[in-house]
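Here's the letter readout for the chains.
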Amino acid sequence: MAKIVFFCIPAHGHTNPTLNVVKELVRRGHQVWYYSYQSLRDKIESTGARFVACDEFDSEMRLTPRDAARLGKDLALSTKVLTDTTMALDETVCRHMLKLQPDCIVADSMAVWGKAVALKLGIPFVSSTTTFAFNQHSAKYMKQSPMQLVSLLFSMPKINKCIRRFQEKGYPINSVLDIIQNDDQTHTIVYTSPDFQPCADTFSDKYAFVGPSIRPSESEYVKQREKLVYISMGTVNNALLPLYKRCIEALRDTPYQVVLSVGNQVKLSDFGELPENVQVFPFVDQIAVLKKADVFLTHCGMNSVSEALYFGVPLVMLPKTSEQGAVAERAAQLGAGLKLTKTTPEAIRAAVDAVLSDSKYRENAKVISEGFRRCPGARGAADKIEQVIG
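Residues numbered from 1 in each chain as written. Predicted model: local features only at pLDDT ≥ 70, side-chain atom pairs only at ≥ 80, totals over all residues. Heavy atoms only, no water.

Visitor: Help me understand the overall build of the protein in this model?
Guide: The number of helices and strands found in the protein is 14 helices and 13 strands. Considering the protein as a whole, with its 390 residues, one finds that 53% of them fall into the buried category. Excluding contacts between residues fewer than 6 apart, the proportion of contacts in the protein whose partners are at least 24 apart in sequence is 65%. A total of about 17900 Å² of accessible surface is found on the protein, and carbon and sulfur atoms cover 51% of it. (Helix = DSSP H or I, 4+ residues; strand = E, 2+ residues; numbered from the N terminus. Buried < 20%, exposed > 50% of the residue type's maximum accessible area, 1.4 Å probe, protein only. Contact = heavy atoms within 4.5 Å. Areas by Shrake-Rupley, 256 points an atom, 1.4 Å probe, with all protein chains shown as cover.)

Okay, structure coming up:
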């Protein structure tokens with residue numbers, strides 16, 4: 001029996017893929033401690049892990065909504081948030097780890113405090129990566145605009161200040177890459193297939209591509225028309241009422257059944273009277289809907305895309321961050337979806353019609369689905385962790 005510690009950020013999309021892995025480790029007789037946030041406590045405790053709250057230490061929890069929306073785009077802000085949180089957790093986590101003496105730390109790629117304390121204390125470490133794995137080859141999919149490159153240049157003094165804070169606390173970190181990127185010597189679990197991962201053959205054998213972790217649906221969704229169009233912009237930056245209204249305008253009075261999941265940052269009353277073929281909800285059981293959907297209009301979060309492609313659903317894609325852009329680029333490259341270049345009602349309708357009318361998109365999505373289903377999943381991830389514990 002081993003002692004294993006998980007660290008994650010306060011995000012369902014980063015936590016959900018790990019839950020089946022934790023269940024599998026507990027089933028094998030290991031003890032698991034999971035450092036996370038109260039909003040995720042019930043999910044985590046349902047796996048059999050011991051939950052440890054980090055809420056009071058995390059500076060991200062105190063960001064304004066505007067700052068939170070910048071996190072995926074502003075490297076200096078992201079680095080500062082990650083550094084502040086690591087520094088706030090430093091004394092408590094180091095004390096806990098010295099007392100617990102875990103056999104392994106598993107940390108989300110964004111929960112750098114987990115990686116940092118493993119490096120500092122010499123504890124075996126595994127990175128949990130819920131996006132693509134990035135190196136000098138696959139990073140080309142994260143296309144940077146000239147404005148983003150200029151912004152990065154001006155951000156470097158702030159980033160270097162954060163690096164010095166790590167070093168002053170005894171962490172062996174020399175650059176921002178040590179914080180946000182794993183090298184070929186870092187044991188890494190990636191929740192996608194080697195077929196969907198860009199440039200998979202350029203990563204070392206320390207990388208385990210285990211496929212997406214798909215939870216079972218919690219309900220049965222009833223399909224009411226021949227074609228079902230599902231629309232969701234994720235659970236974080238989804239205060240997008242004008243976009244949702246353009247989607248409704250684009251697809252009103254079509255033969256399609258349209259389901260929008262809009263989150264809790266817009267009011268359902270703001271939509272007024274809806275067309276007969278359109279339904280709007282704050283949240284849906286996404287797995288249940290995707291089992292019946294014929295096309296998915298998505299922001300291209302990794303989990304959402306993986307869930308859709310797992311069920312062979314082709315995509316209409318509207319990424320907002322460079323990370324989402326990389327996912328969209330790969331899906332488009334493999335012919336499983338179409339990127340939106342404009343968000344006028346006419347452009348939205350044309351893209352949805354194009355994906356529904358051309359069978360190649362669904363056929364290519366099915367090929368990716370088959371690759372996902374060949375992956376070892378949670379068992380493979382647990383095997384990787386046990387290998388590192390050794």
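Visitor: Please explain the pattern of salt bridges as it appears in this structure.
Guide: Should the charged atoms of two oppositely charged side chains come close, the side chains can pair. Per the counting criterion, the structure on display carries 16 salt bridges. In this structure, Arg-374 and Asp-195 form a salt bridge, with 3.2 Å as the shortest nitrogen-oxygen distance. Of this pair, Arg-374 sits in helix H13 (residues 359–374) while Asp-195 sits in the loop between strand E6 (187–190) and strand E7 (207–209), and the two are 179 residues apart along the sequence. When its relative accessible area of 60% is taken as the criterion, Arg-374 is described as exposed. Note that Lys-223 and Asp-294 form a salt bridge whose closest N and O atoms lie 2.8 Å from each other. Here Asp-294 lies in the loop between helix H9 (286–290) and strand E11 (295–298) and Lys-223 lies in the loop between E7 and strand E8 (228–232), a separation of 71 residues in the sequence. Owing to a relative accessible area of 31%, Lys-223 belongs among the partly exposed residues under this scheme. Overall, Asp-294 belongs to the buried group, its relative accessible area being 10%. The network of salt bridges with common partners includes Glu-24, Arg-27, Arg-28, Asp-383 and Glu-386. (Salt bridge = Lys/Arg side-chain N within 4 Å of Asp/Glu carboxyl O.)

Visitor: Can you walk me through empty space enclosed by the protein in this structure?
Guide: Considering all chains together, one arrives at four cavities of 30 Å³ or more under this definition. Space inside the largest cavity adds up to approximately 50 Å³. Residue lining of the largest cavity: Pro-17, Thr-130, Tyr-191, Pro-212, Ser-213, Ile-214, Met-302, Asn-303, Ser-306 and Glu-307, and that is the complete set. Its residues assigned to classes, the lining of the largest cavity shows five nonpolar, four polar and one charged. (1 Å grid on protein atoms, 1.4 Å probe; cavity = no way out; pocket = protein on both sides within 12 Å on 5 of 7 lines; lining within 4 Å. Points joined across faces, edges and corners; volume = space filled by probe spheres on them. Nonpolar A, V, L, I, M, F, W, Y, C, P; charged D, E, K, R; others polar.)

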